[in-house]
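# Fold and geometry: a report
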Amino acid sequence: MKRWSKAIPYTILTAFAAALLVIACKSAAQVQEYRAVERHAQLYAMSTLSGSLAGLSDTLQKGCYAASPELMTAVSLEIWDHSAAAIAAIAALPLSDISLEQTETFIAQAGDYAAYLARRAAADLPIESSEVAALADLAERAEDLSLELLALESDLYTGTAAFETDRRGHLATAVQRFSDLESGFSDRSFPDYDGAKSSHLLTRASLLTENEAEISEETARERAATALGVSAAELSAAGESDGMIPAYPFRDASGAYAAVSRRGGHILSMHRRDSGREGMVTVGTALDTAKSYLEKIGYAGLQQIYYHKENGTVLFRFVSREENHIRCYPDLITVGVSLSDGSVVSLDAADYVMNHHARTLPEPAVGQTAAARTISPSLDYRYAGLVVIHSPGMQELLCHEFLCRTEEGQRLLLYVNAETGGQCHIAMLHEDENGVFMT
C-alpha cells in the first residue's frame, strides 16, 4: 500500500506534464495557424493593391484617348473603382506605424479627378489638352507605383520581405518599403480642378476677412465676452488657432468657449454647457432668440432654412440672402438654443466667414421652365427659387432649386445649374418629430 500511495503523486505529475505538453502543442499549432491566416490576408491585400494600381494606370491611359462623353464617363467610373479598391487594400495592410498620407492622397485624387472629368463629359464640356496631360501624368505615376508594389509582393511571397519587425525592433522591411514610396510623393504636384480632393482646397482662405484688418487680442476678448454674455475679465486666452481662419480662442471658468477671427473680429464659434433636458421653451420662441442673438453679434440679413432638435437643444440653420432673394447656401451659420431655459448654447459660423463675400450673380442662361424639364416624371415638384450652392471643388454655382416628392412620399431638393441646364445636386430631406436634416 505504501508503494502504491507513493506512486500516485508521480502518476499525477506525469499526467499533468502530458496535459501541459498537449496544451502547448495546441497553442503552438494555433499560433502557426493564425500566422498563416494573417500572412494569407497580407498577400491577398498586396495582390489587390498592386492589381488595382495596374488597372488604374491602364484605365487612366484609356482616358487620354476617350473622345466621346459616353466613353469618358464609362472610363472615369472604371478609374474610380480601381482607386477605391486600392485605398481599401492599403487599409487592410499592417501599416499603422507610418503615414501614407501622400500615397493615399494620390490614389484618391486619381479617382476624384476621374469623377470630375465624368461630370464634364456628362455636361457635354470638352476635355482640355491640359486635362489629358494630367491624366497621362497620373497614369505614369500609377504605373511606377504599381511596379514597385509588384516587386514588393514578389518579395513577400519569397520571404525576403515581411510586415513583422525583427528581433531588434527595427521597422519591418515591407513597411520600410512603403515608407520609401511615400517619400517619393512629397515633391509631386497636381493641377487644381473642381473636385473634393483638389490640392487648392487645402490652401483656401476666408473670403469675408481677406481685405479686413487684424484686431487686437483685447478687442477680440470683448467680442467673445459679448458672444458668451459674460464680462471680458472672466475670459482667458485658450491657446492659438492658426487654421484656415486664424482666430483668438477664449474660455471662462465654467468651460464656455468662444473663438473670434483675427481679421475682422467675427465670432467663429461659441459653445457653453446645456442641461440637455427639454423644458417649456417652444421652437418658435427659440427661433426668435436665435435671430436676436445673430443680430447682436453682427450677423444680419440671414434666412432660417430648417431646424433639428438634439439632446434638449434645437439647432437652427441660417444662410445669407442676396437682395434679389437668392439664398446662398455656402454662407451657413448654425445656432443652438436650449429648450430648457431658452439660452443660446452654441454657434458655428465658420462656413459663413469662409465663404461670404460681395457677389455679382449673372442672369440665368437657363430659365425655370427649361430647368423643370430635366426633372424625372416620377417626381412631384414645386419651384423654390434661385440659390447658390458649392460644386465639389467649392466653386459657386447659381442653380434652380426644386422641392420634390417621390411616389413614396420622400421629399428631396433637386438643383439644376442655371448656366448649363444640367442637374448638379440632390439633397434628401429627412423629417421627423424633431425637425428636418439633409443628406
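The structure under discussion appears in the preceding block.
Report follows, based on the coordinates. Because the structure is predicted, anything quoted here is derived from the model rather than measured.

## Regarding the overall build of the protein
- Along the backbone of the protein there are nine helices and 13 strands.
- Here the protein, with 439 residues, has 41% of them falling under the buried criterion.
- Intrachain contacts of the protein at a sequence separation of at least 6 include 57% that bridge at least 24 residues.
- Surface summary for the protein: the accessible area is close to 24000 Å², and the carbon and sulfur share equals 53%.

## Some details on helix 7 (residues 283-296)
- For helix 7, which comprises 14 residues, the first-to-last C-alpha distance of 20 Å matches the rise-based estimate of 20 Å (1.5 Å per residue) to within 8%.
- Among the residues of helix 7, Ala-286, Leu-287, Ala-290, Tyr-293 and Leu-294 are the ones counted as buried. When helix 7 is viewed along its axis, its buried side chains cluster within an angular range of 125° and face the same direction. In helix 7, those exposed residues whose orientation departs by more than 90 degrees from the buried face are Glu-295 and Lys-296.
- Taken together, the buried residues of helix 7 touch helix 6 (217-228), strand 4 (267-271), strand 5 (302-310), strand 6 (313-321), strand 7 (327-338) and strand 8 (344-348).
- Of the residues trailing helix 7, Gly-298 is marked for its positive phi of about 105°.

## A short note on the nonpolar core
- Leu-49, Leu-95, Tyr-113, Leu-149, Phe-163 and Phe-178 are the most contacted members of the largest nonpolar core, which has 46 residues in total.
- Residue assignment for this core shows that the elements contributing at least two residues are helix 1 (2-63), helix 2 (69-91), helix 3 (101-122), helix 4 (129-158) and helix 5 (173-183).
- What Leu-95 contacts, discounting residues up to four positions off in sequence, is Ile-90, Leu-100, Phe-163, Val-175 and Phe-178.
- Judged by nonpolar contacts, the second largest core, of 41 residues, contains Leu-228, Phe-250, Val-314 and Phe-318.

## Thoughts on the packing of aromatic side chains
- Applying the stated criterion across every chain yields a total of 12 aromatic pairs.
- Between the aromatic rings of Phe-316 and Phe-318, the centroid separation amounts to 6.5 Å while the plane-to-plane angle is 55°, which identifies the pairing as tilted.
- For Phe-318, a relative accessible area of 2% corresponds to the buried category.
- Sitting over the face of the ring of Tyr-248, Arg-262 holds its NZ or CZ atom 5.5 Å from the ring centroid.

## Description of the pairing of strand 9 (residues 380-390)
- Two elements, strand 7 and strand 9, share two bridges in a ladder whose sense is parallel. Bridge assignment links Cys-328 to a residue of strand 9, and that residue is Val-388.
- Relative to strand 10 (residues 396-405), strand 9 runs antiparallel, the two sharing 10 bridges. The residue bridging Tyr-381 from the neighbouring strand is Cys-404, located in strand 10.

## Here's the deal with the environment of Ala-54
- Along the chain, Ala-54 turns up in helix 1.
- Distance from Ala-54 to Leu-149, taken between C-alpha atoms, is 9.8 Å for residues 95 residues apart in sequence.

## Here we look at the pattern of salt bridges
- One pass over the structure, following the stated rule, counts 14 salt bridges.
- Notably, a salt bridge pairs Arg-327 with Glu-401, separated by 2.4 Å at the nearest N-O pair. With Arg-327 in strand 7 and Glu-401 in strand 10, the pair connects residues that are 74 residues apart, well separated along the chain. There is no split in this pair, since Arg-327 and Glu-401 are both buried.
- In this structure, Glu-396 engages Arg-359 in a salt bridge whose closest nitrogen and oxygen atoms are separated by 2.8 Å. Within this pair, whereas Glu-396 is found in strand 10, its partner Arg-359 is found in the loop between helix 8 (350-355) and helix 9 (368-372), the two being separated by 37 residues in sequence.
- Using a relative accessible area of 12% as the deciding quantity, one classes Arg-359 as buried.
- Among the ionic contacts, a cluster of salt bridges with common partners joins Glu-322, Asp-331, Arg-359 and Glu-396.

## Some thoughts on the pairing of strand 12 (residues 423-432)
- The pairing of strand 11 (residues 411-417) with strand 12 spans six bridges and is classified as antiparallel. Within strand 12, the residue paired with Arg-411 across the bridge is Leu-429.
- Sheet analysis places strand 12 next to strand 13 (residues 435-438), joined by four bridges and oriented antiparallel. Note on strand 13: the bridge partner recorded for Asp-432 is Gly-435.

## Description of the state of the cysteines
- Here the structure, examined in full by the defined rule, presents zero disulfides.
- No disulfide involves Cys-399; its sulfur sits 3.5 Å from the nearest other cysteine sulfur, which is in Cys-424.

## So, the side chain of Arg-317
- Mapped onto the secondary structure, Arg-317 falls in strand 6.
- As a buried residue without a salt bridge, Arg-317 has its nearest oppositely charged side chain in Glu-310, at a separation of 5.4 Å.

## Structural notes on the packing of helix 2 against helix 3
- Relative orientation of the contacting elements helix 2 and helix 3 amounts to 160°, with a least axis distance of 8 Å. Classified by the interaxial angle, the pair formed by helix 2 and helix 3 is roughly antiparallel. For the element pair helix 2 and helix 3, the recorded crossing hand is left-handed. Across the interface between the two elements, Pro-69, Met-72, Thr-73, Ser-76, Ile-79, Trp-80, Ser-83, Ala-86, Ile-87 and Ile-90 from helix 2 touch Glu-104, Ile-107, Ala-108, Ala-110, Gly-111, Asp-112, Ala-114, Leu-117, Ala-118, Ala-121 and Ala-122 from helix 3.

## Remarks on the side chain of His-400
- With respect to the helices and strands, His-400 occurs in strand 10.
- Residue class for His-400 comes out buried when judged on its relative accessible area of 3%.
- Polar contacts involving the side chain of His-400 include one to the main-chain carbonyl oxygen of Val-366, which spans 2.6 Å.
- In this structure the side chain of His-400 is engaged in a polar contact, spanning 2.7 Å, whose partner is the side chain of Tyr-383.
- Leaving out residues up to four positions away in the same chain, His-400 has contacts with Pro-364, Val-366, Gly-367, Gln-368, Ala-371, Tyr-383, Gly-385, Leu-386, Leu-414, Tyr-415, Val-416 and Ala-418.

## Some thoughts on a negative patch on the surface
- On the surface, Glu-140, Glu-143, Asp-144, Glu-148 and Asp-180 cluster together into a negatively charged patch.
- A per-element tally of the negative patch places helix 4 first, with four residues.
- Here Glu-148 shows up in helix 4.

Thresholds, definitions, all that
- One numbering rule holds for all chains: residues counted from 1, following each sequence as written.
- It should be noted that, the model being predicted, local features are given only for residues of pLDDT at least 70 and side-chain atom pairs only at 80 or more, the latter also being counted only at that level, while totals for whole chains, interfaces and linings use all residues.
- Excluded from the side-chain calculations are hydrogens and water; all other atoms, namely the structure's heavy atoms, are used.
- Strands here are runs of E lasting at least two residues and helices are runs of H or I lasting at least four, both read from the DSSP assignment and numbered beginning at the N terminus.
- For every residue, the accessible area (1.4 Å probe, protein chains only) is compared with the maximum for its type, and the residue is labelled buried under 20%, exposed over 50%, or partly exposed between those bounds.
- Contacts are assigned to residue pairs that have any heavy atoms within 4.5 Å of one another.
- Note on areas: Shrake-Rupley, 1.4 Å probe, and residue coverage restricted to the protein chains presented here.
- Each helix should span, by expectation, one fewer than its residue count multiplied by 1.5 Å.
- Throughout, the arc means the angular range of directions from the helix axis out to the C-beta atoms.
- Definition of nonpolar core: a set of buried residues of the types Ala, Val, Leu, Ile, Met, Phe, Trp, Tyr and Cys, connected through side-chain atoms within 4.5 Å.
- Only the six-membered ring of Trp is used, alongside the rings of Phe and Tyr, when aromatic pairs are assigned; centres must lie within 6.5 Å, and planes under 30 degrees apart are stacked while those over 60 apart are edge-to-face, with the rest tilted.
- Criterion for a charge above a ring: Lys NZ or Arg CZ within 6 Å of the ring centre, and within 35 degrees of the ring normal.
- For two strands to pair, DSSP has to find at least two bridges joining them.
- Salt bridges are counted wherever a side-chain nitrogen of Lys or Arg sits within 4 Å of a carboxyl oxygen of Asp or Glu.
- Throughout, disulfides are identified as pairs of cysteine sulfur atoms within 2.5 Å of each other.
- When charges are counted, Lys and Arg contribute as positive and Asp and Glu as negative, whereas His and the chain ends are disregarded.
- All axes are obtained by fitting lines to C-alpha atoms, using only the stretch in contact for helices, and the reported angles, taken between N-to-C directions, cover 0 to 180 degrees.
- Reported orientations rely on four angle classes, namely roughly parallel under 35 degrees, roughly antiparallel over 145, roughly perpendicular from 65 to 115, and oblique for the rest.
- Rotating anticlockwise by less than a right angle from the far helix to the near helix defines a left-handed crossing, while the corresponding clockwise rotation defines a right-handed one.
- Under this definition, polar contacts are N or O atom pairs within 3.5 Å; protein pairs additionally need one hydrogen-donor-capable and one acceptor-capable atom, and for neighbouring residues in sequence, both atoms have to be side-chain atoms.
- A patch consists of residues exposed above 30% relative accessible area that lack any salt bridge, with like charges linked at up to 9 Å and nonpolar side chains (Val, Leu, Ile, Met, Phe, Trp, Tyr) linked at up to 5 Å.
- Each charge is placed at NZ for Lys, CZ for Arg, CG for Asp and CD for Glu.

Nothing here speaks to function; it is all geometry.
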